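Take a look at the letters that make up each chain.
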Protein chains: 2
Amino acid sequence: MALISPLTPIFVAVLCVVIALVFRSLQNRDSASRPVSNNPQREARPWVDEDLQDDTEISSKDNEDDDEWVEGGEEDLAHVPYTPMRYPPEEMLERSQHFYSLLNQRRSVRFISPEPVPRAVIDNVIRAAGTAPSGAHTEPWTFVVVADAETKHKIRLIVEEEEEINYRQRMGDKWVKDLERLRTNWVKEYLDVAPYLILIFKQAYGILPNGKKKTHYYNEISVSIACGLLLAALHNAGLVTVTSTPLNCGPMLRALLRRPANEKLLMLLPVGYAAADATVPDLKRKPLDDIVVYI
Amino acid sequence: MALISPLTPIFVAVLCVVIALVFRSLQNRDSASRPVSNNPQREARPWVDEDLQDDTEISSKDNEDDDEWVEGGEEDLAHVPYTPMRYPPEEMLERSQHFYSLLNQRRSVRFISPEPVPRAVIDNVIRAAGTAPSGAHTEPWTFVVVADAETKHKIRLIVEEEEEINYRQRMGDKWVKDLERLRTNWVKEYLDVAPYLILIFKQAYGILPNGKKKTHYYNEISVSIACGLLLAALHNAGLVTVTSTPLNCGPMLRALLRRPANEKLLMLLPVGYAAADATVPDLKRKPLDDIVVYI
């Protein structure tokens with residue numbers, strides 16, 4: 001009992017403060033090592049979360065070495081003269097008008113013809129997509145082109161199952177009025193019918209020769225820009241597609257297509273000629289004045 | 001002294017445990033309300049963090065109502081027949097080859113001529129960008145075109161200050177070898193020289209008539225696709241640019257250009273003719289086999 005001297009409470013108090021500090025530092029380390037997930041739905045499907053966590057995207061905003069997308073990266077590449085095509089003002093105006101008219105005829109189409117499309121055309125549209133700029137010239141994209149009927153069908157099953165879950169979970173929702181109408185949304189026949197499915201993967205990071213990870217800055221923005229070029233190239237060739245982002249299916253589709261863990265699905269495009277009876281919603285685009293501000 | 005009884009140490013210990021638990025719960029609440037920031041730089045400039053938090057982007061991956069980008073959104077739009085241009089196989093192949101050749105000549109150029117460019121051409125390239133698909137047809141983009149010399153100079157000062165901070169903070173880093181070489185990286189003369197700066201903002205959310213926020217699903221991907229079309233349209237017109245993503249300057253540039261809080265800077269493109277003595281790094285693009293997988 002001699003140990004319980006009048007000074008003991010002070011020692012205990014100091015000990016407690018030390019424990020509290022240790023506790024705090026452990027927590028900090030813990031929270032720094034994983035991204036915040038404040039959506040309760042995520043907890044329910046951890047394997048989906050795993051794939052959707054894009055640490056590279058998040059950290060890229062802080063660690064970017066250069067805001068300019070220096071083509072050539074960190075290497076000391078020689079600089080060479082560059083003299084691009086240049087047109088007189090009238091021709092320039094005419095070209096810009098023609099290009100706008102071309103792209104303005106593009107629409108997202110879900111009614112795709114099963115007719116075959118020359119593979120050389122698909123090669124060229126992907127080459128065109130691959131000319132996109134990318135952060136530090138990492139070219140962080142992989143285009144998986146699926147023509148095999150069995151693989152297309154497996155993709156359809158994966159996508160439709162996920163879609164059906166989405167729709168069924170919302171049955172009580174105010175959005176949902178008509179089961180028949182919904183059905184047309186989750187059944188994606190074009191995934192079987194289109195001669196090609198192009199699945200675009202972003203490489204969230206690269207692998208260095210020493211096995212370490214190499215950050216791919218702005219990989220999602222880079223790959224999305226490449227997809228923009230791809231959409232333009234497809235339309236220019238007289239082909240149609242519909243932009244879809246089945247991100248919840250990403251892990252299963254990645255496994256099916258045997259892509260490595262650093263690749264994440266960004267987009268899935270069914271590609272072919274438009275079906276003869278194709279229709280599109282009668283929508284309008286915003287006029288120029290609604291999207292531009294001159295200063 | 002009667003207060004310091006043999007039992008006091010136990011009370012003090014219990015009190016400390018309670019304090020530790022309170023401490024912990026406060027920390028949890030704190031860390032749940034803001035995204036993880038493991039970069040000490042962030043702490044120093046909290047106003048930057050505020051703007052970089054893109055909750056919409058993160059939550060959109062879970063709440064997406066439809067993976068297909070239904071053009072026409074939730075409204076019950078009439079469907080109309082759609083018969084896009086269709087070309088015989090040889091012409092299709094020729095068009096796809098030509099489009100690839102065109103885009104393959106595009107390079108990021110930092111040496112921009114001060115010569116004026118017809119504004120009607122800028123109108124057309126932005127119209128072309130505005131034909132991009134977007135999640136639920138929200139068209140979540142604003143293109144701010146700056147031709148005013150004073151505003152361009154203010155933008156330059158903001159961007160260069162941020163860049164200089166980035167570079168100076170890395171002076172001790174193994175990356176940094178040559179101050180002169182760095183200087184050419186953070187001084188961005190083209191921001192004064194280029195006849196136009198196009199700042200592309202993504203609308204992270206919309207505002208409904210009742211004042212509530214409307215989620216813009218996949219707004220960053222949508223706007224990046226639009227930027228891809230913009231890059232193609234600029235190149236097609238004989239103009240050059242360099243893709244830059246000065247995200248840390250986003251809040252200051254947004255304030256300078258008086259854009260609303262729902263708009264976040266995604267990209268800044270200086271636009272003009274290439275300077276007569278323009279050079280580019282002598283880089284190569286990946287061959288087709290490195291970016292495509294056929295199944």
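Sequence order sets the numbering: in each chain, residues are counted from 1 along the sequence as written. Each chain gets a letter, beginning with A, and each ligand a number, beginning with 1, in the order they are written. For a predicted model such as this one, the threshold for reporting local features is a pLDDT of at least 70, and the threshold for listing and counting side-chain atom pairs is 80 or more; totals across whole chains, interfaces and linings nevertheless cover every residue. Note that water and hydrogens are dropped before the side-chain values are worked out from all heavy atoms of the structure.

What follows is about the overall build of chain A. What counts as a helix is a DSSP run of H or I of at least four residues, what counts as a strand is a run of E of at least two, and both are numbered from the N terminus. The number of helices and strands found in chain A is twelve helices and eight strands. Only heavy atoms matter for contacts: two residues are in contact if any of them lie within 4.5 Å across the pair. For chain A, the proportion of contacts with a sequence separation of at least 24, taken over those separated by at least 6, is 81%. Of the roughly 13800 Å² of accessible surface on chain A, 57% is carried by carbon and sulfur atoms. Under the convention used here, a 1.4 Å probe and the Shrake-Rupley method define accessible areas, while residue burial counts only the protein chains that appear.

Further remarks concern the pattern of salt bridges. When the charged atoms of two side chains with opposite charge come close together, those side chains can pair. Residue and element names in this part refer to chain A. Salt bridges are defined by distance alone: a side-chain nitrogen of Lys or Arg within 4 Å of a carboxyl oxygen of Asp or Glu. Applying the stated criterion across every chain, the model contains 14 salt bridges over all chains. We note a salt bridge from Glu220 to Lys202, for which the minimum N-O separation is 2.6 Å. One end of the pair, Glu220, is in helix H10 (residues 219-236); the other, Lys202, is in strand E3 (residues 196-203), and 18 residues separate them in sequence. In this structure, Glu263 and Arg259 form a salt bridge, with 2.7 Å as the shortest nitrogen-oxygen distance. Three or more residues joined by partner-sharing salt bridges are found here, namely Arg156, Glu160 and Asp192.

All names here are of chain B. For strand E3 (residues 196-203), the buried fraction is high: eight of the eight residues fall into the buried class. When a residue's accessible area, from a 1.4 Å probe over protein chains only, is under 20% of the maximum for its type it is buried; when over 50% it is exposed; and in between it is partly exposed. The two faces of E3 match: Tyr196, Ile198, Ile200 and Lys202 on one face and Leu197, Leu199, Phe201 and Gln203 on the other face are all buried. For two strands to be treated as a pair, DSSP must find no fewer than two bridges joining them. Taken together, the six bridges between strand E2 (residues 141-146) and E3 define a ladder with antiparallel strand orientation. Within E3, the position partnered with Val144 by the bridge is Leu199.

This part covers the sheet that holds E2(B). On the basis of which strands lie adjacent, the open sheet formed by four strands has the order E8(A)-E2(B)-E3(B)-E6(B) and mixed pairing. Taken across any chain shown, the strands that pair with only one partner, and hence form the sheet edges, are strand E8 (292-294) of chain A together with strand E6 (263-271) of chain B. With direction set aside, neighbouring strand axes in the sheet form an average angle of 20°. As paired elements, E3(B) and E6(B) share eight bridges and run antiparallel to each other. Note that in E6(B) the partner of B:Tyr196 across the bridge is B:Val271. An axis is simply a line fitted to the C-alpha atoms; with a helix, the fit covers only the stretch in contact. Between two such axes, the angle follows the N-to-C directions and lies from 0 to 180 degrees.

So, on to the packing of helix H6 (residues 119-129) of chain A against helix H5 (residues 89-104) of chain B. H5(B) packs onto H6(A) with a crossing angle of 15° between their chain directions and a minimal axis gap of 8 Å. On the basis of their axis angle, the class for H6(A) and H5(B) is roughly parallel. In the packing of H6(A) onto H5(B), the handedness of the crossing is left-handed. On H5(B), the residues touching A:Ala120, A:Val121, A:Asn124, A:Arg127 and A:Ala128 of H6(A) are B:Met92, B:Leu93, B:Ser96, B:Gln97, B:Phe99, B:Tyr100 and B:Leu103. The classification used treats Ala, Val, Leu, Ile, Met, Phe, Trp, Tyr, Cys and Pro as nonpolar, Asp, Glu, Lys and Arg as charged, and all other residues, Gly among them, as polar. The residue makeup of the contact of H6(A) with H5(B), split by class, is eight nonpolar, three polar and one charged. What sets the label is the angle itself: under 35 degrees gives roughly parallel, over 145 gives roughly antiparallel, 65 to 115 gives roughly perpendicular, and the rest give oblique. Throughout, a crossing is termed right-handed when the near helix is turned clockwise from the far one, and left-handed when it is turned anticlockwise from it by less than a right angle.

Another point: H5(B). Spacing of three or four residues puts side chains on the same side of an α-helix, whose turn is 3.6 residues. Residue and element names in this part refer to chain B. Any helix carries an expected span of 1.5 Å times its number of residues minus one. For H5, which comprises 16 residues, the first-to-last C-alpha distance of 22 Å matches the rise-based estimate of 22 Å (1.5 Å per residue) to within 8%. The set of residues buried in H5 consists of Met92, Ser96, Phe99, Tyr100, Leu102 and Leu103. Angularly, the buried residues of H5 cover 160° about the axis, an arc narrow enough to put them on a single face. Across H5 from its buried face, at more than 90 degrees, point the exposed residues Glu90, Glu94 and His98. The arc in question is formed by the directions pointing from the helix axis toward the C-beta atoms.

Strands in a sheet are paired, the pairing made by backbone hydrogen bonds, and the direction either parallel or antiparallel. The mixed open sheet is built from four strands, whose spatial order is E6(A)-E3(A)-E2(A)-E8(B). Both edges of this open sheet fall to strand E6 (263-271) of chain A together with strand E8 (292-294) of chain B, since each of them pairs with a single strand only. Sheet twist, expressed as the average angle between the axes of neighbouring strands with direction ignored, equals 20°.

What follows covers the environment of A:Thr215. Residues and elements named next belong to chain A. Its location among the elements puts Thr215 in strand E5 (residues 213-215). With a relative accessible area of 33%, Thr215 lands in the partly exposed category. Between the alpha carbons of Thr215 and Thr138 there is a distance of 9.3 Å; along the sequence they are 77 residues apart.

Geometry of an aromatic ring pair is reported as the spacing of the ring centres plus the angle between the planes. Aromatic pairs are defined between Phe, Tyr and Trp rings, using the six-membered ring for Trp, whenever the two ring centres lie within 6.5 Å; interplanar angles under 30 degrees are classed as stacked, those over 60 as edge-to-face, and all others as tilted. Across all of its chains, the model carries one aromatic pair over all chains by this definition. Only when the NZ of Lys or the CZ of Arg is both within 6 Å of the ring centre and within 35 degrees of the ring normal is a charge said to sit over the ring. Note that B:Lys213 overlies the ring of B:Tyr205, its terminal NZ or CZ placed 4.4 Å from the centroid.

Averaged over all residues, the pLDDT of chain A is 79; the fraction at 70 or higher stands at 68%. What pLDDT expresses is the predictor's confidence in each residue, scored from 0 to 100. Every residue in residues 28-65 of chain A is under pLDDT 50, and counting partners more than four places away or in other chains gives 72 contacts.

Among the secondary structure elements, A:Ala232 is positioned in helix H10. A:Ala232 gets classed as buried once you look at its relative accessible area, which sits at 1%. Taking the C-alpha atoms as reference, A:Ala232 lies 9.9 Å from A:Phe99; in sequence the two are 133 residues apart. Here A:Ala232 is in contact with A:Leu103, B:Phe99 and B:Leu229, once residues within four sequence places are set aside.

Time to look at the packing of helix H6 (residues 119-129) of chain B against helix H10 (residues 219-236) of chain B. Residues and elements named next belong to chain B. Contact geometry of H6 with H10 gives a least axis separation of 7 Å together with a crossing angle of 145°. The crossing of H6 and H10 is right-handed. Only Ala226, Leu229, Leu230, Ala233 and Leu234 of H10 make contact with H6, whose side of the interface consists of Val125, Ile126, Ala128 and Ala129.

Here the focus is the side chain of B:Asn124. Its place among the elements puts B:Asn124 in helix H6. When near neighbours in sequence (up to four residues on either side) are disregarded, B:Asn124 contacts A:Leu93, A:Ser96, A:Gln97 and A:Tyr100.

Take unusual backbone geometry next. Residue and element names in this part refer to chain B. The phi torsion at His137 lies on the positive side, around 50°, for a residue other than glycine. Classification of His137 as buried rests on a relative accessible area of 14%. A positive phi angle, close to 45°, is found at Glu139, a residue other than glycine. The topology assignment puts Glu139 in the loop between H6 and E2. Accessibility expressed as a relative area gives 5% for Glu139, which makes it buried.

The subject of this paragraph is the environment of A:Leu268. Residue and element names in this part refer to chain A. Inspection of the secondary structure assignment puts Leu268 in strand E6. Residue class for Leu268 comes out buried when judged on its relative accessible area of 1%. Separated by 70 residues in the primary sequence, Leu268 and Ile198 place their C-alpha atoms 5.8 Å from one another. Sequence-distant contacts of Leu268, defined by excluding residues within four places in its chain, comprise Ile155, Val159, Leu191, Ile198, Leu199, Val242, Thr243, Ser244, Pro246 and Leu253.

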